[in-house]
Amino acid sequence: MVLKIINAILILVAVFMGFKQGYAMFSGKPEMLEMFGKWGIGKTGVMINGIITILAAVLILFPKTFVWGNFLMALGILLIICFHLLDKDLKGVLIELPFLLLNLVIIYLQHPLKNG
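Sequence order as written defines the numbering, with residues in each chain counted from 1. Only residues with pLDDT of at least 70 get local features here, since the model is predicted, and only at 80 or more are side-chain atom pairs given and counted; chain-wide, interface and lining totals rely on the full set of residues. Where side-chain values are given, they derive from all heavy atoms of the structure, hydrogens and water being excluded.

Caption draft 1: Here's a closer look at the UniProt feature "transmembrane region" (unreviewed entry) in the protein. On the UniProt side, "transmembrane region" (unreviewed entry) is annotated at positions that read residues 6-26, 46-62, 68-86 and 93-111 here. Along residues 6-26 the backbone is 100% helical and 0% strand, and the end-to-end C-alpha distance reaches 30 Å. UniProt positions are given in the numbering used here, feature names are shortened, and annotations may be inferred rather than shown by experiment. Helix numbering and strand numbering both begin at the N terminus, where a helix is a DSSP run of H or I of at least 4 residues and a strand a DSSP run of E of at least 2.

Caption draft 2: Geometry of the packing of aromatic side chains. Working definition: rings of Phe, Tyr and Trp (its six-membered ring) pair if their centres are within 6.5 Å, and the pair is stacked with planes under 30 degrees apart, edge-to-face with planes over 60 apart, and tilted otherwise. Taken as a whole and assessed by the stated rule, the structure comprises three aromatic pairs. Ring geometry for Phe36 versus Trp39: centroids 5.7 Å apart, planes at 90°, classification edge-to-face. The buried label applies to any residue whose accessible area, calculated with a 1.4 Å probe on protein chains only, is under 20% of its type's maximum; exposed applies above 50%, and partly exposed to all values in between. A relative accessible area of 13% places Trp39 in the buried class. Site record: aromatic cluster; members linked through ring pairs are Phe36, Trp39 and Phe83.

Caption draft 3: Structural view of helix H3 (residues 43-60). Every helix has an expected span of 1.5 Å times one less than the residues it contains. The end-to-end C-alpha separation of H3 is 26 Å, in line with the 26 Å expected for 18 residues at 1.5 Å each. Where H3 is concerned, the buried positions are Val46, Asn49, Gly50, Thr53, Ala56, Ala57, Leu59 and Ile60. The contact criterion used is simple: two residues touch if any of their non-hydrogen atoms lie within 4.5 Å. Close packing links the buried residues of H3 with helix H1 (2-26), helix H2 (30-37), helix H4 (66-86) and helix H5 (90-109).

The following block contains the structure:
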């Protein structure tokens, strides 16, 4: 039971971060446009990435789409990690790594409302 509560809290953290970062990308915050711009991704690409991130956060909430939501979220984080590695920016990689690990941990722990 305690594990389910901890997992539920981790899921809420992941969903909150997904909405926060997704909205920042979708609304075209200057720091997001700057970060993605150095990798050749324009405003439209950043907005699309933001929509996908928000969609992933919503999918995480429901048991039937839980894995797909986490997969999309982890995929987006992994993309950013790869771009940081191309720039040899280990600080950027270390910043993103806990968020990737968070998605992997909550996939392992499974959705707390899943039956069976």
